[in-house]
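Descriptive analysis of the structure
Spelled out from the first residue to the last, the chains are:
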Amino acid sequence: MLKLIAGLGNPGPDYAATRHNAGFWFLHRLAAQFSAHFSAASKFHGEVARLQAAGLDCRLLKPTTYMNESGRALKAMADYFNIAADELLVVHDEIDLDAGLVRLKQGGGHGGHNGVCDIISRLVTPNFLRLRIGVSRPGRRADVTPHVLGRPGADEQALIEEAMERALSVMPQLFAGEYQKAMSALNSAKHTS
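To start, this report covers the structure provided alongside it.

What counts, and where the lines are drawn
Residues numbered from 1 in each chain as written. Predicted model: local features only at pLDDT ≥ 70, side-chain atom pairs only at ≥ 80, totals over all residues. Heavy atoms only, no water. Helix = DSSP H or I, 4+ residues; strand = E, 2+ residues; numbered from the N terminus. Rg over C-alpha atoms; globule rule 2.2 N^0.38 Å. Buried < 20%, exposed > 50% of the residue type's maximum accessible area, 1.4 Å probe, protein only. Arc of directions from axis to C-beta. Contact = heavy atoms within 4.5 Å. Pairing = 2+ DSSP bridges. Axes fitted to C-alpha atoms, helices over the stretch in contact; angles between N-to-C directions.

Secondary structure assignment for the protein yields seven helices and seven strands. Listing every helix and strand of the protein by position from the N terminus yields β-α-β-β-β-α-β-β-α-β-α-α-α-α. A compact globule built from 193 residues would reach a C-alpha radius of gyration of about 16 Å, and the protein, at 15 Å, matches this within 12%. The dimensions of the protein, computed from C-alpha atoms along their principal axes, are 40 × 30 × 30 Å. Residues classed as buried in the protein amount to 53% of the 193 residues present.

Structure representation (structure tokens):
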């Protein structure tokens, strides 16, 4: 069962509305469903919240280390609470998916995502769940950094929010440990744009 969900992003108001912070956006929506609130936790290098309900006890983490050192926060929290990699879900933006798409997968490489790369390096395993929120790929490789650190337009933002709503709909299955069922439901969905 899931014990830790980490949403990736960069701290501070300058980054709050950028595509790279899609993981933070998702965690805020999830926390709101449980009336959970984030508070600073310096020993975990981030902000944390806790989801508790019947049979559910799961922590949320927003690293404040900046994207490239996301693994430092996850490693600190996973070690402290003795959380295994297969009890961890990492939520992040994904340029290899169009805006409006969201996919769930177990393990794999980092796909050039610096936050995921750092997590794999520090946990010494790639075998954690990833919820990948599509933010589309820019036309040129040189435009990737400005793209992920830029703000989506209104139409793109609406597509991203629709995708996050679909992801929220499979969270009960994930909390129950029904990972394959959640993957089948989420990965077969297409956006309607």
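Our focus in this paragraph is helix α7 (residues 179-187). Listing the buried residues of α7 in full gives Tyr179, Ala182, Met183 and Leu186. The buried residues of α7 occupy an angular sector of 100 degrees when the element is viewed end-on, so they sit on one face. Looking at the buried side of α7, the elements it contacts are β6 (102-106), β7 (129-134), α5 (154-169) and α6 (171-175).

The next subject is the sheet that holds strand β1 (residues 4-7). If you trace the seven strands from one edge of the open sheet to the other, you get β2-β3-β4-β1-β5-β7-β6, paired in mixed fashion. Of all strands in the sheet, those with a lone pairing partner are β2 (39-41) and β6, marking the two edges. Strand after strand, the sheet turns through a mean of 25 degrees between neighbouring axes, direction not considered. Summarising the sheet, β1 and strand β5 (residues 88-94) pair through four bridges and their orientation is parallel. Across the sheet, the residue bridging to Ile5 is Leu89, located in β5. Seen against the sheet, helix α2 (residues 70-81) touches β1, β3 (46-53), β4 (56-63) and β5 and runs at an angle of roughly 150 degrees to β4. α7 rests against β6 and β7 of the sheet, and its axis sits at about 150 degrees to β6.

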